[in-house]
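Survey of secondary and tertiary structure
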Amino acid sequence: MAPPLDTSKTSKLERYNSYLRGVHSTKLLAASSNLLFRATLLIALVLIFFFTLNYPPLSDNPHHHQKFLSSAFYGSGASWEKQVRHSSTPRRPNGFSVLVTGAGGFVGSHCALALKKRGDGVLGLDNFNSYYDPSLKRARQALLSKHQIFIVEADLNDGPLLSKLFDVVPFTHVLHLAAQAGVRYAMRNPQSYISSNIAGLVNLLEIAKSAQPQPAIVWASSSSVYGLNTQNPFSELHRTDQPASLYAATKKAGEEIAHTYNHIYGLSITGLRFFTVYGPWGRPDMAYFFFTKDILQGKPINIYKTHDEKDVARDFTYIDDVVKGCLGALDTSEKSTGSGGKKRAPAQLRIYNLGNTSPVSVAKLVAILEGLLNVKAKKHVIKMPRNGDVPFTHANVSLAYEDFGYKPTTDLATGLRKFVK
Ligand SMILES: O=C(O)[C@H]1O[C@H](OP(=O)(O)OP(=O)(O)OC[C@H]2O[C@@H](n3ccc(=O)[nH]c3=O)[C@H](O)[C@@H]2O)[C@H](O)[C@@H](O)[C@H]1O
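If you're wondering where the values come from, they're calculated on a predicted model, not measured in any experiment.

The secondary structure content of the chain amounts to 13 helices and 13 strands. Going through the 421 residues of the chain one by one, you find that 42% of them count as buried.

See the structure below:
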């Protein structure tokens, strides 16, 4: 049994204990404020690190804004999988199940709707970046959603998310239209072209090569690959080793990368060289679109001339014609031949021009717009800046005609009328 405590000793002890408690709480207070200070410092450092990583700011680098967040938000959950499956299930006998990348974009949204309308299953993929006003992409998304097309919001470089999609859906085809577009913007933000048009393409092909079954792939190349080629009209047999812009160089690189994946893994791949596609729901960064806006607002527009004072011209191609070309390419795609990531037999590899076959000068384009809008444009005719533009494009489409009946039927005046409306 413990001896009774001497009260004087007890009160001393109590005083001592209360002194100790005082010291302890002061120390505790000091320690916790120290801890708080360190934590604040750590958070500040993490924030500085985070913002440094995200430099330059979003407006200049729209691809950084939500990279890979998608894997965290999606890729799991029964209702998400249900949406993905429902959207990609065909509603016609022997219908396709197509992953349309860039489905929030101009050509992507039109193709997605056309495929869905004929009974194919369509799943969209888009990162909704801010290269141009994302609200236009969201409006396209709303339109697609009305037609039961679900767009997964993800970046092409998000490997885990893409793998997950191919685990959930046995896609028969991929219509790969997601890209960093625009010829002149490549001088302002070169890295975005590498990230989307090269790294993103490789990521997609990596996933596709291991998918069971391997899908057939149809993807968007560009008329710009003809670069400094001077033979006319441009044929798929002409030189494409002199790109005039980084955009063109990344599209040409894509064609070579496609060759590699076809050769090693047996992926069936078709590249489509689009020629200045225009029309309703188009891209606001393209000349016909911002010319229309500027003319209506009474703002001056620049019309480029070549350095030897010639007209600059494009083989402007109407969206409905291009959609028919994309569907024709999908319909004539052969199956990929690989399985388990290994090639089993030679596979189809194709390249086609999808143009209009009748170039029109930019000056004429503006004259048509003036007529349709009933407004005179404030025109500045200037020498084409050295920004990667080529003076002239003109497609020979006989190969696409032979193989899938591609025949453009919309002239520029008719197409622009539909756009202006
Ligand atoms: O076929 C392609 O592969 C590409 O087509 C498109 O590029 P481009 O043919 O350059 O279209 P776009 O910019 O509308 O300029 C049209 C014309 O206006 C001239 N132009 C342009 C701007 C200006 O201020 N003044 C002007 O005269 C300009 O010199 C040009 O002659 C796509 O954007 C591109 O993503 C890619 O798909």
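From this point, the narrative continues.
Next up on the list: the UniProt feature "domain: NAD-dependent epimerase/dehydratase" (unreviewed entry) in the chain. Taken from the UniProt record, the annotation "domain: NAD-dependent epimerase/dehydratase" (unreviewed entry) applies to residues 98-335. In the segment residues 98-335, helix accounts for 42% and strand for 18%; the C-alpha atoms at its two ends are 13 Å apart.

Attention now moves to the confidence of the model for the chain. Per-chain confidence: the chain averages 88 in pLDDT, with 82% of residues scoring 70 or above. Counting contacts from residues 46-66, a segment whose pLDDT is below 50, to residues more than four positions away or on other chains yields 19 contacts.

The buried fraction of strand β2 (residues 121-126) is high, at six of six residues. Neither face of β2 is open: one carries Gly121, Leu123 and Leu125, the other Val122, Gly124 and Asp126, and all of them are buried. Pairing of strand β1 (residues 97-101) with β2, which is carried by five bridges, proceeds in the parallel orientation. When the sheet's bridge partners are listed, Leu99 is paired in β2 with Leu123. At this point the chain moves from β1, through helix α4 (residues 106-117), to the parallel β2, and the crossover so formed is right-handed. Relative to strand β3 (residues 150-153), β2 is paired through four bridges, and the arrangement is parallel. Across the sheet, the residue bridging to Asp126 is Glu153, located in β3.

Our next topic: the sheet that holds strand β11 (residues 349-354). Read across the sheet, seven strands follow the order β3-β2-β1-β4-β5-β6-β11 without closing on themselves; strand pairing throughout is parallel. The open sheet has two edge strands, β3 and β11, and neither has a second partner. If you compare each strand with its neighbour and ignore which way they point, the axes differ by 20° on average. The sheet contact formed by β1 and strand β4 (residues 173-176) spans four bridges and is parallel. By the bridge assignment for β4, Val100 is matched with Leu175.

Around the ligand lies a shell of 20 residues, among which Ala181, Ser222, Met286, Ala287 and Tyr304 are the nearest. At the level of elements, α9 (287-296) and β8 (300-305) are the ones that each hand at least two residues to the shell around the ligand. Sorting elements by how many residues they give to the shell around the ligand places β8 first, with three residues. A class-by-class count of the residues in the shell around the ligand yields 12 nonpolar, six polar and two charged.

In contact at an axis separation of 10 Å, α4 and helix α5 (residues 134-146) are set at 5° when each is read in the N-to-C sense. The angle between α4 and α5 falls in the class roughly parallel. Side by side, α4 and α5 meet where Ser109, Ala112 and Leu113 of the first sit next to Arg140, Leu143 and Leu144 of the second.

Among the structural elements, Lys418 can be located in helix α13 (residues 412-420). Between the alpha carbons of Lys418 and Leu177 there is a distance of 23 Å; along the sequence they are 241 residues apart. Look past the residues within four positions of Lys418 in its chain and what remains in contact with it is Gly279 and Pro280.

Cut-offs used in this document
- Residues numbered from 1 in each chain as written.
- Predicted model: local features only at pLDDT ≥ 70, side-chain atom pairs only at ≥ 80, totals over all residues.
- Helix = DSSP H or I, 4+ residues; strand = E, 2+ residues; numbered from the N terminus.
- Buried ≥ 20, exposed ≤ 12 C-beta atoms within 10 Å, placed from the backbone.
- UniProt positions renumbered as here; feature names shortened; annotations may be inferred.
- pLDDT = per-residue confidence, 0-100.
- Contact = placed C-beta atoms within 7 Å.
- Pairing = 2+ DSSP bridges.
- Right-handed = clockwise from strand over helix to strand, strands pointing away.
- Axes fitted to C-alpha atoms, helices over the stretch in contact; angles between N-to-C directions.
- Near = placed C-beta within 6 Å.
- Nonpolar A, V, L, I, M, F, W, Y, C, P; charged D, E, K, R; others polar.
- Parallel < 35°, antiparallel > 145°, perpendicular 65-115°, else oblique.

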